[in-house]
Amino acid sequence: MRLSDATLADLPASVARPGYDRSAVTPGIVHIGPGAFHRAHQAACVDAILGADPRWGISAVALNSTGVADALGPQDGLYTLALLGKATGYRVIGSIVELLTAQRRNAILSRIAAPTTRLVTTTVTEKGYHLDAGGALDLDHPAIVRELTGAEPSTLSGWLVAGLAARRAAGGGAITLMACDNLADNGPRFRRAVRDLAAARDPDLAAWIDDHVRFPSTMVDSITPATDDPLRRSVRAVTGLDDAWPIQREAFTQWVIEDDFAGDRPPFDLAGAQFTRDVRGFENAKLRLLNGAHSTLAYVGSLMGLATVRDAMACAPLAAFAARLMREDIAPSIVPPAEMDLSAYIDAVLDRFANPAIAHQLAQIAWDGSQKLPYRLCDTIRDARAAGRPVDRLAIPIAAWFRFVELRKGSGEQLVDPRADALLSRAGDVGALLAMRDVFGDLGEDAVFVAAVERAYAALAPGENLAAALK
Ligand code: CS2
């Protein structure tokens, strides 16, 4: 028997389910990119507020694949979320009330245009915004060039420009667009991704955007390992129902949202989210400490032959290195918000990494290094250099990434990265890798940093004692 509205009542009492009338829920949020991260976090948060306000159901739009619609369509949008902790909790989430794919062009544009839609959110990963190193839309990117010349939208920017044009034409009124990806200053960057394309195609629309669209920044945090067979088995055993695509995450979540909405905002605070005027301190702390350390564990851990974050944390020299990097090299670059104790934050992140209930694959975190490292490590390195602090330890994860690329080249295993070709063709040449301006900006011309990476790269050579390099 498959999970669906009709079988909800068959769930055992131990499994939480929507406590509201799903038939009364209407879509008020369009979400682009309904992958695991969205379904683990934001959709669960919306699920918790629909009892209070049923106008915020989610219309989930997948631009690049039909996988989510195929899996959740027959389930009326329902899926199971497992919360991994000492005891695993199971919850069926009911907030996705519509599933759209790119084939349904007019339905997507009408949904963005509808006056009942007041918020568009995105989780499309870093590469989905097509930004250049300066944070503007990359107008030379082939996908964006196609948006400038072709009729059919294919990128996030293209779809939103078409959707906002439809909204303007229909008199749909002001709206909020909110990026939920791990980019520093994700609000202003998302604005560039949308507004720059509008300006290049239709300056009147760009002016309309200036007057009618807000782009709040957000910081979203919840560790979400990819769906795996143990999860599928446990969901089947606990719920007694087949679910084509269950999701898992750690119990911890944090969502900090800039209070900058075009009118009505969903009461996300009822589900524990925090509205604030200043997200930057939270965002920097999370991106640089949590994600920076995650990428460090991913690349160094992979070189050491380790598979998961929990394994990496069980490797004493690597765990101690990550902690030292966070405390001594990353924390000094962060101006924390008044209510945040950085030292306690670091301890909590290290505890979360060591969670024995979670098998978070290092290979998953290692994806898309060229897109992630600029926010996770390069900004910190730039600040450290400007302040005259040493960058020797910070050079280790960069050099480990270079060695990781070389390993992939040698083994033939796929390097998952939109810049894979450029990386693989430069593998083994530290100077050429550091000259990739889209990743390193002007850091590649900083002799002190370059020398530190070269030393770290030598220390991480195959056959070297890696633990000895982790000082
Ligand atoms: C991870 C993040 O895959 C990755 O690169 O670092 O997805 C991380 O788990 C989340 O940002 C935690 O909020």
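Residues numbered from 1 in each chain as written. Predicted model: local features only at pLDDT ≥ 70, side-chain atom pairs only at ≥ 80, totals over all residues. Heavy atoms only, no water.

1. Here we look at the pattern of salt bridges
Line of reasoning, step 1. According to the stated counting rule, one finds 31 salt bridges in the structure shown.
Line of reasoning, step 2. Asp-383 is the partner of Arg-288 in a salt bridge, and the nearest nitrogen-oxygen pair spans 2.8 Å. Here the residue Arg-288 occupies a position in helix H10 (residues 280-303), and Asp-383 occupies one in helix H15 (residues 369-386), the gap between them amounting to 95 residues.
Line of reasoning, step 3. Among the ionic contacts, a cluster of salt bridges with common partners joins Asp-53, Arg-55, Arg-118 and Asp-264. (Salt bridge = Lys/Arg side-chain N within 4 Å of Asp/Glu carboxyl O. Helix = DSSP H or I, 4+ residues; strand = E, 2+ residues; numbered from the N terminus.)

2. A short note on the site of the ligand
Line of reasoning, step 1. Taken together, the neighbourhood of the ligand is formed by Asn-182, Val-220, Asp-221, Ser-222, Ile-223, Lys-286, Asn-291, His-294, His-360, Ile-365, Lys-372 and Arg-376.
Line of reasoning, step 2. One nitrogen or oxygen atom from the side chain of Asn-182 is found 3.0 Å from an oxygen atom belonging to the ligand.
Line of reasoning, step 3. Between an oxygen atom of the ligand and a main-chain N or O atom of Ser-222, the distance comes to 2.9 Å.
Line of reasoning, step 4. Protein chains shield 91% of the accessible area of the ligand, which is 340 Å² for the free molecule.
Line of reasoning, step 5. For the shell around the ligand, the secondary-structure elements that each account for two or more residues are strand E9 (218-221), H10 and H15.
Line of reasoning, step 6. Considering each element in turn, the shell around the ligand owes the most residues, three residues, to H10. (Near = heavy atom within 4 Å. Polar contact = N/O pair within 3.5 Å; in protein donor to acceptor, adjacent residues only side chain to side chain. Areas by Shrake-Rupley, 256 points an atom, 1.4 Å probe, with all protein chains shown as cover.)

3. Details of the environment of Asp-228
Line of reasoning, step 1. Note that Asp-228 resides in the loop between E9 and helix H9 (229-239).
Line of reasoning, step 2. Remark: the alpha-carbon pair of Asp-228 and Trp-245, spanning 17 residues in sequence, is separated by 9.7 Å.

4. Observations regarding H10
Line of reasoning, step 1. Taking 1.5 Å per residue, 24 residues should reach 34 Å; H10 reaches 33 Å between its end C-alpha atoms and fits that length.
Line of reasoning, step 2. Of all 24 residues in H10, 23 are buried; the element is thus mostly enclosed.
Line of reasoning, step 3. Count one or two residues on from H10 and you reach Gly-305, which has phi positive near 80°. (Expected span 1.5 Å × (residues − 1). Buried < 20%, exposed > 50% of the residue type's maximum accessible area, 1.4 Å probe, protein only.)

5. Points about the domain arrangement of the protein chain
Line of reasoning, step 1. Examined at the domain level, the protein chain breaks down into domain 1 (5-276) and domain 2 (280-469).
Line of reasoning, step 2. If you average the C-alpha positions of domain 1 and of domain 2, the two centres end up 28 Å apart.
Line of reasoning, step 3. Tallying the contact residues gives 28 residues for domain 1 and 27 residues for domain 2.
Line of reasoning, step 4. Taking both partners together, domain 1 and domain 2 bury about 2,200 Å²; carbon and sulfur atoms supply 55% of that area. (Domains from an automatic or database assignment. Contact = heavy atoms within 4.5 Å. Buried area = accessible area lost by both parts, 1.4 Å probe.)

6. What about the packing of H15 against helix H16 (residues 392-411)?
Line of reasoning, step 1. Orientation of H15 relative to H16, taken along the N-to-C sense of each, is 155°, at an axis distance of 10 Å. With respect to their mutual orientation, H15 and H16 come out roughly antiparallel. The handedness of the crossing between H15 and H16 comes out as left-handed. Here Gly-369, Ser-370, Leu-373, Leu-377, Thr-380, Ile-381 and Ala-384 of H15 lie close against H16, whose contacting residues are Leu-394, Pro-397, Ile-398 and Trp-401.
Line of reasoning, step 2. When grouped by side-chain class, the residues that make up the contact of H15 with H16 number eight nonpolar, three polar and no charged. (Axes fitted to C-alpha atoms, helices over the stretch in contact; angles between N-to-C directions. Parallel < 35°, antiparallel > 145°, perpendicular 65-115°, else oblique. Left-handed = near helix turned anticlockwise from the far one by under 90°. Nonpolar A, V, L, I, M, F, W, Y, C, P; charged D, E, K, R; others polar.)

7. Some remarks on the packing of aromatic side chains
Aromatic ring pairs are defined here through the distance separating the ring centres and the angle between the ring planes.
Line of reasoning, step 1. Taken as a whole and assessed by the stated rule, the structure comprises ten aromatic pairs.
Line of reasoning, step 2. Between the aromatic rings of Phe-190 and Phe-215, the centroid separation amounts to 5.7 Å while the plane-to-plane angle is 85°, which identifies the pairing as edge-to-face. Remark: Phe-215 occurs in the loop between strand E8 (213-214) and E9 and Phe-190 occurs in helix H7 (residues 186-201); sequence separation between them is 25 residues.
Line of reasoning, step 3. Overall, Phe-190 belongs to the buried group, its relative accessible area being 0%. (Phe/Tyr/Trp six-rings, centres within 6.5 Å; stacked < 30°, edge-to-face > 60°.)

8. Comments concerning the environment of Lys-286
Line of reasoning, step 1. Of note, Lys-286 is situated in helix H10.
Line of reasoning, step 2. In this structure the C-alpha to C-alpha distance between Lys-286 and Thr-239, which are 47 residues apart in sequence, comes to 34 Å.
Line of reasoning, step 3. Within the structure, the side chain of Lys-286 is placed 2.7 Å from the side chain of Asn-182, a separation counted as a polar contact.

9. Observations concerning the sheet that holds E8
In sheet architecture, strand pairing relies on hydrogen bonds along the backbone and comes in two forms, parallel and antiparallel.
Line of reasoning, step 1. Strand order in the open sheet formed by six strands is E5-E2-E1-E6-E7-E8, with parallel pairing between adjacent strands. Edge positions in the sheet fall to strand E5 (96-101) and E8, since each of these pairs with one other strand and no more.
Line of reasoning, step 2. Sheet analysis places strand E2 (residues 57-62) next to E5, joined by five bridges and oriented parallel. By the bridge assignment, Ile-58 is partnered in E5 with Ile-96.
Line of reasoning, step 3. Of the strands in this sheet, strand E1 (27-32), E2, E5 and strand E7 (175-179) are in contact with helix H4 (residues 105-113), which crosses E5 at around 135°. (Pairing = 2+ DSSP bridges.)

10. So, the side chain of Thr-224
Line of reasoning, step 1. Considering the arrangement of structural elements, one finds Thr-224 in the loop between E9 and H9.
Line of reasoning, step 2. Here Thr-224 falls in the buried class, since its relative accessible area comes to 8%.
Line of reasoning, step 3. Polar contacts involving the side chain of Thr-224 include one to the main-chain carbonyl oxygen of Ser-222, which spans 3.1 Å.
Line of reasoning, step 4. Apart from the residues within four sequence positions on either side, Thr-224 is in contact with Ala-36, Phe-37, Ala-40, Gln-248, Arg-249, His-360 and Gln-364.

11. Thoughts on the sheet that holds strand E11 (residues 254-258)
Line of reasoning, step 1. The three strands are arranged E9-E11-E12 in an open sheet whose pairing can be described as mixed. Lying at the two open borders of the sheet, with one neighbouring strand each, are E9 and strand E12 (274-276). In this sheet, neighbouring strand axes are inclined to one another by 20° on average, regardless of whether the strands run parallel or antiparallel.
Line of reasoning, step 2. Both E11 and E12 contribute to a ladder of three bridges, which runs parallel. Bridged to Val-256 within E12 is Gln-274.
Line of reasoning, step 3. Docked against the sheet, H10 engages E9, E11 and E12, running at close to 40° with respect to E9.

12. Considering the nonpolar core
Line of reasoning, step 1. The biggest cluster of nonpolar side chains holds 76 residues, and the ones touching the most others in it are Trp-401, Phe-402 and Phe-440.
Line of reasoning, step 2. Among the domains, domain 1 (5-276) and domain 2 (280-469) are the pair contributing at least three residues each to this core.
Line of reasoning, step 3. In contact with Trp-401, other than residues within four places in its own chain, are Tyr-299, Gly-369, Ser-370, Leu-373, Asp-417, Leu-423, Val-439 and Phe-440.
Line of reasoning, step 4. In this structure, Val-30, Ile-108, Ile-112 and Ala-179 belong to the second largest nonpolar core, which totals 38 residues. (Core = buried A, V, L, I, M, F, W, Y, C linked by side-chain atoms within 4.5 Å.)

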